[in-house]
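# Coordinates in review
So the chains spell out like this:
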2 protein chains.
Amino acid sequence: MMLAVSACVSAPGSAGGPATNDEQTVAAVRAVMEAQQAAWNRGDIEGFMDGYERAETTMFVSGDELTRGWQTVLDRYKQRYSSREQMGTLTFSELEIKTVSPVLAIVDGRWRLARAADAPHGRFTLVFRRNNNNWRIIHDTTTSATP
Amino acid sequence: MMLAVSACVSAPGSAGGPATNDEQTVAAVRAVMEAQQAAWNRGDIEGFMDGYERAETTMFVSGDELTRGWQTVLDRYKQRYSSREQMGTLTFSELEIKTVSPVLAIVDGRWRLARAADAPHGRFTLVFRRNNNNWRIIHDTTTSATP
């Protein structure tokens, strides 16, 4: 599974020089998202959810709905994607990763599910927070393209 | 125009005590959004856009679309809402304002446009950044409820 990544670092001096903190952040965040995509595509929703911070404050926003808490977000995914057919094949693309503080990054990108019957898609904005050396999603706002 | 605000401060110690930085942030962010709502409802899209940081990096995400740059976001609003009828009456509600760094806040809430023919609505997630003492939106991801 190829993951098209167009990373965009907001701080200067990252081109060609030694690894900066921004480059480390981009690499760490990208690794979390690649692991999420791989987990989804082997039907492992719990593995996918490992990308989110295991906290009551973790938030997922989509359509008219705000879901609060890691476990509740997991339950929502399990309910909406209760079979491999519904899960389809997930691709993230056009990732744009911006560090906004030493422990916070904002990620924009596109999502697409290839399924037998349809191919829902849209965009997302994620807020990642670093806890020790682990970057995890604390806030996910996902949009859907009008069919 | 009443604005229903349910502010939620992430830091402890804000109940009943003297004003904290978090309380100041919540008040400042709320004031920007109240000004945006008031501007929209007098047909003043430029005034509404004063809530956004005047920068090339300002981003607006909706549906399948990412719009980049303050001027481009303004142009998009002017194109989509080219008459008072299309603008309708905007209400923000269920605002939840969380400070995530001394200069960053994340705001979740609902939007609704009351119009003669319909009432589109949905949610939004805003990232506010403080520049001197001015809080402005640097990133807006807006969802739409399925009609």
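For every chain, the first residue of the written sequence is number 1, and numbering continues from 1 along that sequence. Labels are handed out in written order, letters beginning with A for the chains and numbers beginning with 1 for the ligands. At least 70 in pLDDT is required for a residue's local features to be given in this predicted model, at least 80 for side-chain atom pairs to be given and counted, and no such filter applies to totals for whole chains, interfaces and linings, which use all residues. Heavy atoms from the whole structure form the basis of all side-chain values; hydrogens and water molecules are not counted.

## Here we look at the interface of chain A and chain B
One frequent convention defines the size of an interface as the accessible area lost when the parts assemble. This is how it is decided: Throughout, a residue-residue contact means that at least one pair of heavy atoms, one from each residue, lies within 4.5 Å. Here the buried area means the combined drop in accessible surface, using a 1.4 Å probe, for two parts upon being joined, counting both sides. Between Lys or Arg on one side and Asp or Glu on the other, a salt bridge is scored when a side-chain nitrogen of the former is within 4 Å of a carboxyl oxygen of the latter. Identification of polar contacts relies on pairs of N or O atoms within 3.5 Å, with a donor-acceptor requirement for protein atoms, meaning one able to donate a hydrogen and the other able to accept it, and with residues adjacent in sequence counted only if both atoms are side-chain atoms. Segments assigned H or I by DSSP are reported as helices when at least four residues long, segments assigned E as strands when at least two residues long, and all are numbered from the N terminus. For this scheme, ten residues count as nonpolar: Ala, Val, Leu, Ile, Met, Phe, Trp, Tyr, Cys and Pro. Four count as charged, namely Asp, Glu, Lys and Arg, and the remainder, Gly too, count as polar.
The interface of chain A with chain B comprises 28 residues on the first partner and 28 residues on the second. Together, the buried faces of chain A and chain B total about 2,100 Å²; carbon and sulfur atoms form 57% of this surface. Counting the surface chain A buries against chain B, the share from its top three residues, Asp64, Arg123 and Thr143 of chain A, is 24%. Counting across the interface, chain A meets chain B through four salt bridges. The partner of Glu96 of chain A in a salt bridge is Arg68 of chain B, and the shortest N-O contact between them spans 2.6 Å. Counting every contact that joins chain A to chain B gives twelve residue pairs in polar contact (both at pLDDT 80 or more). Those elements that provide at least two residues to the side of chain A that touches chain B are β1 (59-62), β2 (65-68), β3 (89-101), β4 (104-114), β5 (121-131) and β6 (134-142) of chain A. Element by element, the count of residues in the side of chain A that touches chain B is highest for β5 of chain A, at five residues. Among the residues making up the side of chain A that touches chain B, the classes are represented as eight nonpolar, twelve polar and eight charged.

## Concerning the pairing of β2 of chain A
Residues and elements named next belong to chain A. As a reminder, the rule being used: At least two bridges found by DSSP between two strands are what make those strands a pair.
Pairing of β1 with β2 involves four bridges; the strand directions are antiparallel. Note that in β2 the partner of Val61 across the bridge is Leu66. Between β1 and β2, which pair antiparallel and follow one another directly, the connecting turn spans two residues, one of which, Gly63, has a positive phi of 55°.

## Comments concerning the relation of the copies chain A and chain B
This is how the line gets drawn: The least-squares superposition of copies is restricted to C-alpha atoms, and to residues with a pLDDT of at least 70 in both copies.
When chain A is brought onto chain B, the operation consists of a screw motion whose angular component is 180° and whose axial shift is 0.0 Å, with 0.0 Å RMSD remaining. Both copies of the chain, as the preceding transformation shows, are related through a two-fold rotation axis. Of every C-alpha in chain A, the one belonging to Thr143 of chain A sits nearest the axis of rotation, 2.7 Å from it. When the interface residues of chain A are mapped onto chain B, 100% of them again fall at the interface, so both copies present the same face.

## A few points about helix α1 (residues 21-41) of chain A
Residues and elements named next belong to chain A. The cut-off we apply is this: To estimate how far a helix should reach, multiply one less than its number of residues by 1.5 Å. Working definition: with a 1.4 Å probe on protein chains only, accessible area under 20% of the residue-type maximum means buried, over 50% means exposed, and in between means partly exposed. In this description, one arc is meant: the one made by directions from the helix axis to the C-beta atoms.
Between the first and last C-alpha of α1 there are 30 Å, a value that for 21 residues agrees with the 30 Å anticipated at 1.5 Å per step. Taken residue by residue, α1 has Asp22, Thr25, Val26, Val29, Val32, Met33, Gln36, Gln37, Ala39 and Trp40 as its buried positions. An end-on view of α1 places all buried positions within 165° of arc, on one side of the element. Taken from the residues just after α1, Gly43 is the one with a positive phi, measuring 80°.

## Section: the sheet that holds β4 of chain A
Residues and elements named next belong to chain A. Note the cut-off: Simply put, an axis is a line fit to the C-alpha atoms, just over the touching stretch for a helix, and the angle between two N-to-C directions goes from 0 to 180 degrees.
In space, the six strands of this open sheet follow the order β2-β1-β6-β5-β4-β3, with mixed pairing throughout. For this open sheet the edge positions go to β2 and β3, each flanked by a neighbour on one side alone. Going across the sheet, the axis of each strand differs from the next one's by a mean of 25°, ignoring polarity. Against the sheet, helix α3 (residues 70-80) contacts β1, β2 and β6, and its axis sits at roughly 125° relative to β2.

## Some points on the side chain of Arg123 of chain B
Topologically, Arg123 of chain B is positioned in strand β5 (residues 121-131). There is a polar contact of 3.2 Å between the side chain of Arg123 of chain B and the backbone oxygen of Asp64 of chain A.

## Re the confidence of the model for chain A
All names here are of chain A. Selection rule: Values of pLDDT, which run from 0 to 100, indicate the predictor's confidence residue by residue.
With 86% of its residues at a pLDDT of 70 or more, chain A shows a mean pLDDT of 89. Confidence drops under a pLDDT of 50 for residues 1-19, and excluding neighbours within four residues, the segment shows 36 contacts in the predicted structure. Confidence estimates for the predicted assembly give a pTM of 0.87 and an ipTM of 0.86.

## Observations regarding the environment of Val103 of chain B
All names here are of chain B. For Val103, the location among the structural elements is in the loop between β3 (89-101) and β4 (104-114). Expressed as a C-alpha distance, the spacing of Val103 and Asn133, which sit 30 residues apart in the sequence, is 9.5 Å. Residues in contact with Val103, not counting those within four places in the same chain, are Phe128, Arg129, Arg130 and Trp135.

## Here's the deal with empty space enclosed by the protein
Rolled over the atoms, a probe as big as a water molecule pinpoints where empty space is left. So the rule is basically this: Method remark: on a 1 Å grid restricted to protein atoms, a set of points is classed as a cavity if a 1.4 Å probe fits but cannot get out and as a pocket if it is open with protein on both sides within 12 Å along at least five of seven lines; lining residues have an atom within 4 Å of a point. Grid points are joined across faces, edges and corners, and a volume is the space filled by probe spheres set on the points.
Under the defined criterion, the tally for this structure stands at two cavities of 30 Å³ or more. A volume near 40 Å³ is recorded for the largest cavity. Listing elements by their share of the lining of the largest cavity, those giving two or more residues are β4 of chain A together with β4 of chain B. Here the lining of the largest cavity is built from residues that sort into eight nonpolar, no polar and no charged. Of the pockets and cavities examined, the second largest cavity occupies roughly 30 Å³. Surrounding the second largest cavity, Thr125, Val127, His139 and Thr141 of chain A together with Thr125, Val127, His139 and Thr141 of chain B form its lining. Of all elements in the fold, only β5 and β6 of chain A together with β5 and β6 (134-142) of chain B reach the threshold of two or more residues within the lining of the second largest cavity. Its residues placed into classes, the lining of the second largest cavity shows two nonpolar, six polar and no charged.

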